Protein chains: 2
Amino acid sequence: MNSGRFAISVHILTLLTFSEDEWKSSEYLAGSININPVLVRKELGNLRERGLVLSKEGKSGGSRLAKPADQIFMSEVYEAVKQKDLLGKGINSPNPACPVGRMINDHLDSLYDDAEKTLLASLGKVSLSEFCKKFD
Amino acid sequence: MNSGRFAISVHILTLLTFSEDEWKSSEYLAGSININPVLVRKELGNLRERGLVLSKEGKSGGSRLAKPADQIFMSEVYEAVKQKDLLGKGINSPNPACPVGRMINDHLDSLYDDAEKTLLASLGKVSLSEFCKKFD
DNA sequence: TGTACTGTAATAATAAAAGTTACAGTATGA
DNA sequence: TCATACTGTAACTTTTATTATTACAGTACA
């Protein structure tokens with residue numbers, strides 16, 4: 001999975017949790033994370049597609065949570081961010097003339113799927129509001 | 001985690017399982033995986049440090065499993081391969097002037113640790129010999 | 001209608017991963 | 001004992017992925 005983007009997304013959501021009902025600009029968010037505002041806007045786009053945040057264009061626009069923080073789970077953030085599969089599905093092109101090489105990607109895929117299900121179950125137990133309690 | 005390396009290591013171990021008691025050269029292994037023999041030797045070095053394989057130098061040298069395939073677990077392979085943490089520990093340098101930025105890495109770390117424990121538990125249920133049964 | 005935003009494309013800079021070459025070291029066995 | 005077939009590892013190059021930057025059109029507000 002894409003390492004830094006999960007952290008960025010959780011960071012964004014945490015900041016938005018601490019200012020629920022306010023529209024926060026990408027520049028403000030980028031200031032706390034210490035990254036470029038354009039990256040923040042890209043992540044917000046992701047989170048928006050998944051229904052986790054809302055954004056408003058124009059002056060006094062910005063972003064806020066799309067639903068209460070106790071209804072947002074870390075598994076959703078993981079899903080929003082994930083592109084590649086957990087352990088790296090089928091990146092190699094094994095030799096098809098070898099019985100192991102010919103089949104290994106399929107078998108690795110099913111191993112990965114199981115592992116990822118477990119991971120999602122674990123992340124699904126932690127809500128954004130629980131995570132944010134740690135800051136108090 | 002490092003995507004392709006897990007697949008390479010499992011591939012290596014699978015090939016060694018199907019020829020237990022034989023010393024296989026890095027070139028042979030590289031042929032099935034379809035990668036460079038030097039990369040294979042690097043992975044073998046990793047697996048060797050973790051006690052999963054043995055290697056023999058010199059003519060008619062090569063590598064083989066260090067213990068029976070039913071005593072090797074996918075969690076061990078994961079540990080052997082892992083360098084970075086699962087979801088990417090502390091890559092960002094958040095703004096320490098922001099209360100969220102100042103603490104978030106610690107809180108993310110504990111989230112990651114829990115998630116990784118779950119993942120390891122899941123991978124720990126699958127032995128190399130079980131994995132290899134899929135090929136029959 | 002100027003201003004402060006978003007959204008997104010295009011590009012550049014940086015970092016990480018993979019591949020390659022090279023070669024010293026080591027057992028083997030002819 | 002010495003050519004051979006390996007390992008182990010360093011140094012380097014290439015490739016690919018990530019991150020950052022610049023730029024600008026579109027939008028809403030006051």
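For clarity, every value in this text was computed on a predicted model and none was experimentally measured.

1. A word on the relation of the copies chain A and chain B
When chain A is brought onto chain B, the operation consists of a screw motion whose angular component is 180° and whose axial shift is 0.0 Å, with 0.1 Å RMSD remaining. Such values leave the two copies arranged in the relation of a two-fold axis. Taking C-alpha positions as reference, the residue of chain A nearest the rotation axis is A:Leu119, located at 2.8 Å. Here 100% of the interface residues in chain A have copies in chain B that are interface residues too; the copies meet face to matching face.

2. Examining the protein's contact with DNA strand C
As a structural note, the neighbourhood of DNA strand C is formed by 26 residues, with A:Ser26, A:Arg48, B:Leu39, B:Glu57 and B:Gly58 the closest of them. Sugar plus phosphate: this is where 62% of the atoms of DNA strand C within 4 Å of the protein reside. Contacts to DNA strand C include A:Arg48, whose side-chain N or O atom sits 2.8 Å from a phosphate oxygen. B:Glu57 is positioned with one of its side-chain polar atoms (N or O) 3.1 Å from a sugar or linking oxygen of DNA strand C. Listing elements by their share of the surface near DNA strand C, those giving two or more residues are α3 (37-49) and β1 (53-56) of chain A together with α3 (37-49) of chain B. It is α3(B) that contributes the most residues to the surface near DNA strand C, 4 residues altogether. In terms of residue class, the surface near DNA strand C is built from 4 nonpolar, 9 polar and 13 charged.

3. Some remarks on unusual backbone geometry
Within the chain, A:Asp21 stands out as a residue other than glycine whose phi angle is a positive 75°. By secondary structure assignment, the location of A:Asp21 is in the loop between α1 (3-17) and α2 (26-33). Assessed through its relative accessible area of 60%, A:Asp21 is described here as exposed. One non-glycine residue, B:Asn34, adopts positive backbone phi at about 70°. Note on placement: B:Asn34 falls in the loop between α2 (26-33) and α3.

4. Here's the deal with the protein's contact with DNA strand D
Near DNA strand D, the surroundings consist of 26 residues, among which A:Leu39, A:Glu57, A:Gly58, B:Ser26 and B:Arg48 are the closest. Protein-proximal atoms of DNA strand D, defined as those within 4 Å of the protein, fall in sugar or phosphate at a share of 62%. Contact distances for DNA strand D include 3.3 Å between a base oxygen and a backbone N or O atom of A:Gly58. With respect to DNA strand D, the backbone of A:Lys59 contributes an N or O atom lying 3.2 Å from a base nitrogen. Within the residue set of the surface near DNA strand D, elements represented by two or more residues are α3 of chain A together with α3 and β1 (53-56) of chain B. Across the surface near DNA strand D, the residue classes tally to 4 nonpolar, 9 polar and 13 charged.

5. Considering the confidence of the model for chain A
Across chain A, the average pLDDT comes to 89, with 90% of residues at or above 70. Low confidence marks residues 84-88 of chain A, where pLDDT is under 50. Its contacts with residues over four positions away, or in another chain, come to 17 contacts.

6. Structural notes on the packing of aromatic side chains
As enumerated under the stated definition, the model contains 6 aromatic pairs over all chains in all. Seen in terms of ring centroids, A:Phe6 and B:Tyr112 are 5.9 Å apart; in terms of plane orientation they differ by 50°. Their pairing is tilted. Highlighted residues: A:Phe6 in helix α1 and B:Tyr112 in helix α5 (residues 99-123), drawn from two different chains. For the pair A:Phe6 and B:Tyr112, one class covers both residues: buried. A connected cluster of aromatic rings, assembled from ring pairs, spans A:Phe18, A:Phe131 and A:Phe135. Its guanidinium or amino end placed over the ring of B:Tyr28, B:Lys24 lies 4.4 Å from that ring's centre, counting from NZ or CZ.

Each value, and the rule that gives it
- Residue numbers here run from 1 along each chain, matching the order of that chain's written sequence.
- Each chain gets a letter, beginning with A, and each ligand a number, beginning with 1, in the order they are written.
- For a predicted model such as this one, the threshold for reporting local features is a pLDDT of at least 70, and the threshold for listing and counting side-chain atom pairs is 80 or more; totals across whole chains, interfaces and linings nevertheless cover every residue.
- Remark: hydrogens and water are excluded; side-chain values derive from all non-hydrogen atoms of the structure.
- When the copies are overlaid, the least-squares fit takes in C-alpha atoms only where the residue has pLDDT of at least 70 in both copies.
- Any two residues whose heavy atoms approach within 4.5 Å at even a single point are treated as in contact.
- What makes a residue near a molecule or strand is one non-hydrogen atom of that residue sitting within 4 Å of it.
- Each polar contact in these results corresponds to two N or O atoms within 3.5 Å; when the atoms are within protein, one needs to be able to donate a hydrogen and the other to accept it, and residues that are neighboring in sequence are counted only if both atoms are side-chain atoms.
- Strands are runs of DSSP state E lasting at least two residues, helices are runs of H or I lasting at least four, and both sets are numbered from the N terminus onward.
- Note that Gly is not counted as nonpolar here; it falls among the polar residues with everything else outside the nonpolar set of Ala, Val, Leu, Ile, Met, Phe, Trp, Tyr, Cys and Pro and the charged set of Asp, Glu, Lys and Arg.
- Partly exposed describes any residue whose relative accessible area lies between the buried limit of under 20% and the exposed limit of over 50%, with all areas from a 1.4 Å probe on protein chains only and scaled to the type maximum.
- Confidence of the prediction at every residue is given by pLDDT, a number between 0 and 100.
- To pair, rings of Phe, Tyr and Trp, with the six-membered ring standing in for Trp, must have centres within 6.5 Å; the planes then decide the type, stacked if under 30 degrees apart, edge-to-face if over 60, and tilted in the middle.
- The rule is short: NZ of Lys or CZ of Arg within 6 Å of the ring centre and within 35 degrees of the ring normal puts a charge over the ring.

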